[in-house]
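The lines below spell out each chain.
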Amino acid sequence: MAYKVLIVDDQAMPRQLFENIIKNSQNYEVAASVDSASVADIYCAKMPIDLILMDVVMSTGINGIDAAARIKSSYPEIKILIVTSMPDGSFINKARKAGVDSFWYKEVQDEPLLSIMDRTMAGESVFPDRSPVVFLGEAKSTDFTDREIDVLRCVAAGYSDKEISELLNISYGTERVHLNNLLQKTACNSRTELAIMAAKTGIVVPEV
């Protein structure tokens, strides 16, 4: 008997790709394909679901990791596989804490999606060792310290220097040092340029 899969992604092209992959497989069939994580648990309640392919960042409100945590609390037997193109390094740990079973990057296909699905349904928990390396200006994502990433996330969210220092519990002077380091490493001319570039690359996603 084929496993029933719920696809949750707000973009039509990835949904169609996942649908085609599943339709061409022998072990899986599409139970439903939806564009919002806010309704995922409703589908879990009204039909048998064995596996969910869940995007993280969606334009329709609730993010996929929060939805996964909610579904796992009510339906722990359902396997959840996070599928994302965003290289934000915080997603992996957040997904683990949410009880997600496996994690797969859309843009970095070291292993085919069906293989990850098979391993997940067999009881494995498959996670990448780290997020993909991306460029932010003239710097690679691996060139930043953890604290610089924290500051970058706050900058991308639109917080002021004072607000960032309070949120991260660091002095104003320390916050400015980290911000200046980010500007120098990336060769950005302003914090606005830095914030826009961070949003475009997905290195940090403030709302998740």
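Up top is the structure these notes are about.
Every value quoted in this text rests on a predicted model; they were computed, and no experiment measured them.

**Focus on the sheet that holds strand S4 (residues 79–84)**
Pairing is parallel in the open sheet, where 5 strands are placed in the order S2-S1-S3-S4-S5. One side of each edge strand has no neighbouring strand; the edge strands of this open sheet are strand S2 (28–34) and strand S5 (102–105). Direction aside, neighbouring strands of the sheet carry axes that sit 20 degrees apart on average. Bridge count between strand S3 (residues 51–54) and S4: 4 bridges; the pairing is parallel. Across the sheet, the residue bridging to Leu53 is Leu81, located in S4. Those strands touched by helix H4 (residues 90–97) are S4 and S5, and its axis lies near 155 degrees from that of S5. Strands in contact with helix H5 (residues 113–121) are strand S1 (3–8), S2, S3, S4 and S5; relative to S4, the strand with the most contacts, it is inclined by about 155 degrees.

**Regarding the side chain of Glu19**
For Glu19, the position within the fold is in helix H1 (residues 12–23). No salt bridge is formed by the buried Glu19; the nearest opposite charge belongs to Lys23, separated by 4.4 Å. With near-sequence residues (within four places) excluded, Glu19 lies in contact with Ile7, Val30 and Ser33.

Reading the values: rules and limits
- Residues numbered from 1 in each chain as written.
- Predicted model: local features only at pLDDT ≥ 70, side-chain atom pairs only at ≥ 80, totals over all residues.
- Heavy atoms only, no water.
- Pairing = 2+ DSSP bridges.
- Helix = DSSP H or I, 4+ residues; strand = E, 2+ residues; numbered from the N terminus.
- Axes fitted to C-alpha atoms, helices over the stretch in contact; angles between N-to-C directions.
- Contact = heavy atoms within 4.5 Å.
- Buried < 20%, exposed > 50% of the residue type's maximum accessible area, 1.4 Å probe, protein only.
- Lys, Arg positive; Asp, Glu negative; His and termini not counted.
- Salt bridge = Lys/Arg side-chain N within 4 Å of Asp/Glu carboxyl O.

None of the figures reported here should be taken as evidence of function without further support.
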